[in-house]
Amino acid sequence: MTKICIVKGQKLAVEQIKRIFLKDTTAARLTRTAIMAPILLNSMGNEHSSYIQQVEYVKNPHLDGMEEDILYHFNLGTKTHDLPQMFGDVKFVCVGGSPNRMRSFAQFIHEQLELPGNIADIRDICEGTDRYSMYKVGPVLSISHGMGVPSISIMLHELIKMLYHARCRDVIIFRIGTSGGVGLAAGTVVITDKAVDSFFRPQFEQVVLGKVIIRSTELDEDVAQELLQYSSELPDIPTVIGNTMCTHDFYEGQGRLDGALCSFSTEEKLEYLRKANEAGVRNIEMESTVFAAMCRVCNLKAAVVCVTLLNRFEGDQISTPHDILLEFQQRPQRLVAHFIKKRLGLIS
């Protein structure tokens, strides 16, 4: 059945648009999509409220009463920037800790999508601030989120508001990064089933006005299974689905023996890791619970795809040569890029 999009009473058949795009080259088709999406949305003027309300990413009634929304840590705002024109065509958002890594990913996805222009010309949209970096490549955003729950949560608040103000629809968000493996060899890619806390519970606790708010950390099962399926087409990337444990600390919180402080024995560390493994935990990092919780509450399909840099049963410090680590870090990027190309119809 052909899907219909209503724009001021006129019916635009999606299948007709697809037939036009199929005649174009890959680069031209993506460029035209980037141009048309914001035009279709912007053409609705003030009559688009019922359309926009079909899926609302933000869950804050106070936003509608604000004269201006300043996305401070992005150096963007609803009065200073035309957010629908800048971001209205975004369909995929990829976030990761390191600014340099996300810049490299932006350049990589630019090449993978065969877009026109020089990758050296891809600029940091957030260059006016030193908090985060953001790069836009066709329908893909690549954003750094820093390290730990507080840093990524700030970024997510402003990102989700930005997607809302830009009138984006059907967006999928990926966290791509590194982690410590729990019973897995270094270089294994883990697609998160559930993000769990340090007690192996699939939940995120947020203190709001002195009260503890508990939110579910379940991620989109269909996206996870699709990623796993596509990983079989990349035979040099060993991939599993499992739970990811999110901690508030890199050292004691993850049972490391090599921090400035350590209040437990080697035996206690190994016993804790065994319990985690029995609970389905396959890797450990520091952002997944709040990422999963916020995306779930805000109706955003999301996935966490991280590579393991070591097996925590075998040690705490990362001693793998830099060139091998670099190749490991590219594995989640390659898998997510493959997913994006599949969704865009660039590969069969």
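Residues numbered from 1 in each chain as written. Predicted model: local features only at pLDDT ≥ 70, side-chain atom pairs only at ≥ 80, totals over all residues. Heavy atoms only, no water.

**Some words on the pairing of strand E8 (residues 172-181)**
Of all 10 residues in E8, 9 are buried; the element is thus mostly enclosed. Both strand E5 (residues 92-96) and E8 contribute to a ladder of 4 bridges, which runs parallel. Across the sheet, the residue bridging to Phe92 is Ile172, located in E8. When E8 meets strand E14 (residues 301-311), the two strands line up parallel, connected through 9 bridges. Residue pairing in the sheet places Ile173 in a bridge with Ala302 of E14. As paired elements, E8 and strand E13 (residues 281-285) share 2 bridges and run antiparallel to each other. Of the residues in E13, the one forming a bridge with Gly181 is Asn283. (Buried < 20%, exposed > 50% of the residue type's maximum accessible area, 1.4 Å probe, protein only. Helix = DSSP H or I, 4+ residues; strand = E, 2+ residues; numbered from the N terminus. Pairing = 2+ DSSP bridges.)

**Points about the side chain of Ser231**
Turning to its location among the elements, Ser231 is positioned in helix H7 (residues 221-231). In this structure Ser231 comes out as buried when scored by relative accessible area, which is 8%. Within the structure, Ser231 has its side chain in polar contact with the backbone oxygen of Leu228 (distance 2.5 Å). The contact partners of Ser231, leaving out residues within four places of it in the chain, are Ile237, Thr239 and Leu335. (Polar contact = N/O pair within 3.5 Å; in protein donor to acceptor, adjacent residues only side chain to side chain. Contact = heavy atoms within 4.5 Å.)

**Topic: the environment of Gly128**
Considering the arrangement of structural elements, one finds Gly128 in the loop between helix H5 (99-112) and strand E6 (134-137). With relative accessibility at 54%, the residue Gly128 sits in the exposed group. Here the alpha-carbon distance between Gly128 and Leu76, two residues 52 residues apart in the chain, equals 9.1 Å.

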